[in-house]
Amino acid sequence: MAAKEVKFGIIGTGHRGQGLIRSYLSIKGCRIRALCDRYERVVKQAFDIVGDSSVVCYTDHRRMLAEADIDAVCVFTEPENNVPISCDALAAGKHAMCEVPLCYTLDHCWRMVLAVENTGLKFQLAE
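Residues numbered from 1 in each chain as written. Predicted model: local features only at pLDDT ≥ 70, side-chain atom pairs only at ≥ 80, totals over all residues. Heavy atoms only, no water.

1. As for unusual backbone geometry
Point 1. Backbone torsion omega between Val-100 and Pro-101 reads -5°, so that peptide bond is classified as cis.
Point 2. If you trace the backbone, Pro-101 turns up in the loop between strand 5 (95-99) and helix 5 (106-119). (Helix = DSSP H or I, 4+ residues; strand = E, 2+ residues; numbered from the N terminus.)

2. Overview of the layout of surface pockets
Point 1. In this model, the largest pocket occupies a volume close to 270 Å³.
Point 2. Lining the largest pocket we find 18 residues, and of these Gly-12, Asp-37, Arg-38, Thr-77 and Glu-78 sit closest to its centre.
Point 3. Elements represented by at least two residues in the lining of the largest pocket include exactly helix 1 (15-25) and helix 4 (79-91).
Point 4. The leading source of residues in the lining of the largest pocket is helix 1, at 3 residues. (1 Å grid on protein atoms, 1.4 Å probe; cavity = no way out; pocket = protein on both sides within 12 Å on 5 of 7 lines; lining within 4 Å. Points joined across faces, edges and corners; volume = space filled by probe spheres on them.)

3. Thoughts on helix 2 (residues 40-50)
Point 1. By the burial criterion, the buried members of helix 2 are Val-42, Val-43, Ala-46 and Val-50. For helix 2, the arc enclosing every buried residue in end-on projection is 95°, short of the 170-degree limit, so these residues lie on one face. The exposed set on the far side of helix 2, more than 90 degrees from its buried face, consists of Glu-40 and Arg-41.
Point 2. Where helix 2 is buried, its residues touch helix 1, strand 2 (30-36) and strand 3 (56-58). (Buried < 20%, exposed > 50% of the residue type's maximum accessible area, 1.4 Å probe, protein only. Arc of directions from axis to C-beta. Contact = heavy atoms within 4.5 Å.)

Dropping the structure here:
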């Protein structure tokens, strides 16, 4: 049985996001389809690393989640933004992976748990 290709969007394309991009480029079945960072120059750097002109770049993660042809997102943002962005991804029907620290408050912990339970999608905490 052939493995399904997984189409990813990366939110937060700074140093750590770029490291993941380099890793995913070498994994069969992983395809980066969208990149997002609030800083246009940083998303351009990531775009150059991917080297695929079909990849779409965004500076607004909500727009990327609504428009991009992706199955899952990887979130590499500031800790205070990790839960809101990961929950936005799940609400948009995308599986999500987020780097640590996920959050600093119990409210954000519960928000994440409920988002996973309510959507039935996969969430991975990564480091």
